[in-house]
Structures are given as C-alpha cells and as structure tokens.
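Here are the chains, one letter per residue:
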Amino acid sequence: ALYLKRKKKAKLIFNVSDLWPESAEKLGVVTNKWMLKLAYNLEAKLYRKSVLVTGQTQGICKSINQRFPEVKTYWLPNGVDVSYYNPSSVTSNWRKENGFQETDILFLYAGIIGLAQGLEIILSTAEKVMLRQTQQPELMHIKFILLGSGPEKEKLQAIKQEKQLTNVYFFDAVSKTQMPQIVQASDVSIIPLRKLELFLGAIPSKIFENLSMEKAVILAVDGEARELFVNQGKCALYSEPENVEDLV
C-alpha cells in the first residue's frame, strides 16, 4: 500500500479490523522482542503515512488516538447484507443432512478456531451439560457444533476424544454461500472471546449474521460489544468471558 501510494502519488486510507501486532503479543503468539519491535514500528509508520485511519470499533479508534493523537481516525462499523442473510428467503436441509433431529437444540459456533476465541469454554460447558443429563434427560437434546478451521482445532478435537463428549460436533469450514443455511438450521449462536482487556473494544462480525437471521445469541464478550448488543440493543444474552458456570 505504501509503495502504491508513492508510485501513484495517492492518498492512503488504512482500515483496522483488529489491533495488530498488539493482539499477537497479548495472546502470546509472538514473543520475539525484535520481531515485535519491527511490527510495532511498521504499525506506527502505516498510521502516520495515512490521510485517514478507519477502525471497525470505537475501541480500536480510541486505542489508536491514545497512542497516536496526531492520526485522524474514523469509526467505520461492520454490518451485514440483510438481503443475503434473510430468514424468510432461506430454506435449509442442513440439520437433516447431518443427522440431527428436529428435537435437537443446536448451539453453533462458526468461525476461526483460534487462540482469541477461547473455545475450550464450549467443550467444558458441553461436559457439564452431559453430566447433568441423568437428572435432566431433556439436556440430551442439546448439541454443540464448532464449524471452521484454525490453529486450535486439533487440540480441541483431542479434548473431545479424551472426555468422550458425544454432544460436541466438529465441521470443516464452508464457503460463504452455505452459511445462511447452516445458521438457519441452528437454534442458538455462541460467540466467545478470551477475557483480555484488549478485547473490550472488539465486535466479532459473526454477531451481525446471526442477528440478521433472527437467531438467539449468547455473547461471551465484554466491553463495547456487550454495551451495544446486550445493554442497548437487547438482542443478545451476556455470559462472562471464560466463565464456564455462567455459560452453563
């Protein structure tokens, strides 16, 4: 982008969907101090060379403003194509095709299976739900679906195997064209993030698709997302991040 800016004598507008490299450092993905210094220097250079920096959340804009007060920022929130994710125009056989019953209650996580999401909480919740099935047989209808790919998938699949979680199902990532049918087939969406100060300004984009499809949302994300969608929007249920009992 910087090369094109110079070559074309153009103005650069830089969009920030996530705060990098800060996220990589806080999650412990990158620990090499030399590499981090280079990355932070590149981040600063990009901001200062841009005529405008757009941020997906108010928290992202605030973070940039605090560190680089001379940089002009603009909050450019995410959204969804409501004609594409339209429950009245989507018919789905996904549930039947994948062996689920009409009486099953499907809790869906769809997205990257990465470090930031802390998806162990879903497996721990599934384990506790299984243990309660003898006293509460209706809990046998609850199934947890993790759909996607990412660096944590193999580890989570090993946990499922070790704990024999028969109410947890893994599915590979699919194309965008299939997502409306899968969301339509589910009952509840679980959207978690790790309990880090960094994520108080995060808004996972999957919130929009699920709300557009009129699905119940359990939002295990604090901060800006909680304020917008739970407190103000009243369109999601809040669960404390990384609190298994709260999610159960």
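Undergrad: Got a sec to walk through the nonpolar core? Specific residues and values, please.
TA: Judged by nonpolar contacts, the single largest core of 22 residues is most densely connected at Phe107, Leu119, Ile122, Phe144, Leu146, Leu156 and Val168. Sorting the residues of this core by element identifies strand 4 (105–110), helix 6 (120–131), strand 5 (142–147), strand 6 (168–171), strand 7 (188–192) and helix 11 (244–247) as the ones contributing at least two each. Discounting chain neighbours no more than four positions away, the residues touching Val168 are Leu123, Ala126, Phe144, Leu146 and Lys160. Ile191, Phe199, Ile207 and Val217 belong to the second-largest nonpolar core, a separate cluster that totals 17 residues.

Undergrad: Talk me through the packing of aromatic side chains; I want residue IDs and the actual numbers.
TA: All told, the structure shown has 9 aromatic pairs when counted by the stated rule. Ring geometry for Tyr47 versus Phe68: centroids 5.3 Å apart, planes at 75°, classification edge-to-face. Placement of the pair is Tyr47 in helix 3 (residues 33–49) and Phe68 in the loop between helix 4 (58–67) and strand 3 (73–75), with a sequence separation of 21 residues. Using a relative accessible area of 2% as the deciding quantity, one classes Tyr47 as buried. Classification of Phe68 by relative accessible area gives buried; the value is 8%. Relative to Phe171, the ring of Phe100 lies with its centre 6.3 Å away and its plane at 50°, an arrangement referred to as tilted. Highlighted residues: Phe100 in the loop between helix 5 (94–97) and strand 4 and Phe171 in strand 6, separated in sequence by 71 residues. Three or more aromatic residues joined by ring pairs make a cluster, and in this case those are Trp94, Phe100, Tyr169 and Phe171. Between the NZ or CZ atom of Lys176 and the centre of the ring of Tyr84, over which it lies, the distance is 5.1 Å.

Undergrad: Outline the pairing of strand 8 (residues 216–220), supporting the account with residue identities and numerical values.
TA: Summarising burial for strand 8: 4 of the 5 residues are buried, a large majority. Viewed along the sheet, the connection from strand 7 through helix 9 (residues 206–212) into strand 8 turns out right-handed. Across 2 bridges, strand 8 lies against strand 9 (residues 237–238) in parallel orientation. Bridging from a neighbouring strand, Leu219 pairs with Tyr238 of strand 9. The handedness of the strand 8 to strand 9 crossover, carried by helix 10 (residues 224–232), is right-handed.

Undergrad: Let's hear about the sheet that holds strand 2 (residues 52–55): which residues, and what values?
TA: Read across the sheet, 3 strands follow the order 1-2-3 without closing on themselves; strand pairing throughout is parallel. With one partner strand each, in any of the chains shown, strand 1 (13–16) and strand 3 form the two edges of the open sheet. Ignoring strand direction, the axes of neighbouring strands in this sheet form an average angle of 25°. Two elements, strand 1 and strand 2, share 4 bridges in a ladder whose sense is parallel. Note on strand 2: the bridge partner recorded for Ile13 is Leu52. Running over the sheet, helix 4 touches strand 1, strand 2 and strand 3 and is turned about 165° from strand 3.

Undergrad: Can you explain the side chain of Ser23? Please cite residues and give values.
TA: Within the secondary structure layout, Ser23 lies in helix 2 (residues 22–26). Residue Ser23 is classed as buried on the basis of its relative accessible area, which comes to 5%.

Undergrad: Explain the layout of surface pockets to me, using residue names and the numbers behind them.
TA: Approximately 170 Å³ is the volume found for the second largest pocket. Together, Phe107, Thr125, Val129, Arg132, Gln136, Leu139, Ile142, Phe144, Ile190, Ile218, Leu247 and Val248 line the second largest pocket. Contributions of two or more residues to the lining of the second largest pocket are made by helix 6 and strand 5. Partitioning the lining of the second largest pocket into residue classes produces 9 nonpolar, 2 polar and 1 charged.

Undergrad: If you had to explain unusual backbone geometry to someone new, which residues and values would you point to?
TA: Of the consecutive residues Trp20 and Pro21, the connecting peptide bond is found in the cis state with omega at 5°. Tracing the chain through its elements places Pro21 in the loop between strand 1 and helix 2. Although it is not a glycine, Glu214 adopts a positive phi angle of roughly 60°. Phi at Glu242 is positive, roughly 65°, even though this residue is not glycine.

The rules we used
Residues numbered from 1 in each chain as written. Predicted model: local features only at pLDDT ≥ 70, side-chain atom pairs only at ≥ 80, totals over all residues. Heavy atoms only, no water. Core = buried A, V, L, I, M, F, W, Y, C linked by side-chain atoms within 4.5 Å. Buried < 20%, exposed > 50% of the residue type's maximum accessible area, 1.4 Å probe, protein only. Helix = DSSP H or I, 4+ residues; strand = E, 2+ residues; numbered from the N terminus. Contact = heavy atoms within 4.5 Å. Phe/Tyr/Trp six-rings, centres within 6.5 Å; stacked < 30°, edge-to-face > 60°. Lys NZ or Arg CZ within 6 Å of the ring centre and 35° of its normal. Right-handed = clockwise from strand over helix to strand, strands pointing away. Pairing = 2+ DSSP bridges. Axes fitted to C-alpha atoms, helices over the stretch in contact; angles between N-to-C directions. 1 Å grid on protein atoms, 1.4 Å probe; cavity = no way out; pocket = protein on both sides within 12 Å on 5 of 7 lines; lining within 4 Å. Points joined across faces, edges and corners; volume = space filled by probe spheres on them. Nonpolar A, V, L, I, M, F, W, Y, C, P; charged D, E, K, R; others polar.

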